[in-house]
Every structure is written in C-alpha cells, then in structure tokens.
Amino acid sequence: MNSEFNRVAQDFAQSQKLHHTDVQALVAVLDGDGRGGAMTPGLLRERLNLTSGAVTACLDRLERAGHIRRTRDAADRRVVHLHYAPRGREVAREFFQPLAERTDAARARFTEDELAVVLRFLAAMNDELTALRAPDQD
C-alpha cells in the first residue's frame with residue numbers, strides 16, 4: 001500500500017514538474033495549515049530532515065508553481081508561515097479525487113467494527129515505527 005501511495009505521489013510530482021521531496025513538503029504544509037500550528041520553514045526542515053538551503057529551494061519551487069504561499073507572522077515579522085495556496089489546493093484536489101473515490105470504495109466493503117480494528121492496527125504500527133526511528137525516547 002505504501003508503495004502504491006508513493007507511486008501516486010510520484011505521478012503527482014511529475015505532473016506538476018516537482019521533486020518527490022516537494023510533494024512531501026506539500027503534505028507537511030497541508031497537515032499544519034488551518035490547524036493552529038502552521039508550518040514554518042524551520043519545522044519543515046526538521047520534519048523532512050533537509051538543509052536550510054534545500055528547504056529554501058523547495059519552497060521557492062512550490063511558491064513559483066502556485067502550490068504554497070508564505071506569510072509573515074503579525075506578532076513577529078521574522079517568522080514565516082507556510083500555507084497551501086488556493087490554486088495548489090485545487091490542483092491537488094483534482095489530481096487526488098480518484099484516490100479518494102477508491103479509498104471510499106475500499107472502506108465501504110468493511111463494517112465499522114472491522115474498520116475500528118484496522119485503525120487500531122495502523123495506529124499500533126505507526127507507534128512501533130516511530131519508536132524504531134527514535135529508540136532513546138521510549
């Protein structure tokens with residue numbers, strides 16, 4: 001499943017003339033956008049384990065392509081927040097709509113109780129993978 005998701009992400013990157021890392025950055029920005037914890041270039045650097053220069057190049061590409069916009073924090077103008085641009089959101093929604101439809105079709109084949117078990121399993125796997133990446137935090 002992860003391989004297929006990665007292939008879809010790669011197809012999106014190719015269709016938008018972006019790097020695979022750019023798509024990872026878009027996902028991170030989307031995760032932070034509108035949830036009170038807007039993504040910043042520094043957080044993105046940590047999340048993707050990139051250099052400052054690589055993050056700047058990535059954000060420049062995404063901004064030029066219309067996928068993101070940068071805004072300055074009202075209280076501290078040195079802080080930059082990253083947001084999904086309306087055009088970028090529209091392009092992503094159009095591209096990923098078939099994936100959403102297929103996900104809904106797969107989910108419809110299971111009962112709520114079965115989905116609860118799947119969700120518990122996926123959450124447990126995520127916890128284990130997180131622990132594997134950071135063993136000294138157990």
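The structure under discussion appears in the preceding block.
What comes next concerns the included structure. (Residues numbered from 1 in each chain as written. Predicted model: local features only at pLDDT ≥ 70, side-chain atom pairs only at ≥ 80, totals over all residues. Heavy atoms only, no water.)

A word on the overall build of the protein
Part 1 of the argument: Scanning the protein for helices and strands turns up six helices and two strands.
Part 2 of the argument: Overall size of the protein, expressed as C-alpha extent along the three principal axes, is 50 × 40 × 25 Å.
Part 3 of the argument: By the burial criterion, 24% of the 138 residues in the protein qualify as buried.
Part 4 of the argument: Sequence-distant contacts in the protein: of pairs separated by 6 or more residues, those separated by 24 or more amount to 44%.
Part 5 of the argument: Accessible surface, the protein as shown: approximately 10000 Å² in total, 52% of it carbon and sulfur.
Part 6 of the argument: Between the centroid of the 20 positive side chains of the protein and the centroid of its 21 negative side chains there is a distance of 7 Å. (Helix = DSSP H or I, 4+ residues; strand = E, 2+ residues; numbered from the N terminus. Buried < 20%, exposed > 50% of the residue type's maximum accessible area, 1.4 Å probe, protein only. Contact = heavy atoms within 4.5 Å. Areas by Shrake-Rupley, 256 points an atom, 1.4 Å probe, with all protein chains shown as cover. Lys, Arg positive; Asp, Glu negative; His and termini not counted. Charge placed at Lys NZ, Arg CZ, Asp CG, Glu CD.)

Focus on the pattern of salt bridges
Part 1 of the argument: Enumeration over the complete set of coordinates arrives at six salt bridges.
Part 2 of the argument: In this structure, Arg-61 and Asp-22 form a salt bridge, with 2.8 Å as the shortest nitrogen-oxygen distance. On the criterion of sequence distance, the pair formed by Arg-61 in helix α4 (residues 52-64) and Asp-22 in helix α2 (residues 20-32) is long-range, its members being 39 residues apart. (Salt bridge = Lys/Arg side-chain N within 4 Å of Asp/Glu carboxyl O.)

Details of the packing of α2 against α4
Part 1 of the argument: At a minimum axis separation of 10 Å, α2 and α4 run at an interaxial angle of 80°. By the criterion of interaxial angle, the relationship of α2 to α4 is roughly perpendicular. Contacts from Thr-21, Asp-22, Ala-25 and Leu-26 in α2 reach Cys-58, Arg-61 and Leu-62 in α4.
Part 2 of the argument: In terms of residue class, the contact of α2 with α4 is made up of four nonpolar, one polar and two charged. (Axes fitted to C-alpha atoms, helices over the stretch in contact; angles between N-to-C directions. Parallel < 35°, antiparallel > 145°, perpendicular 65-115°, else oblique. Nonpolar A, V, L, I, M, F, W, Y, C, P; charged D, E, K, R; others polar.)

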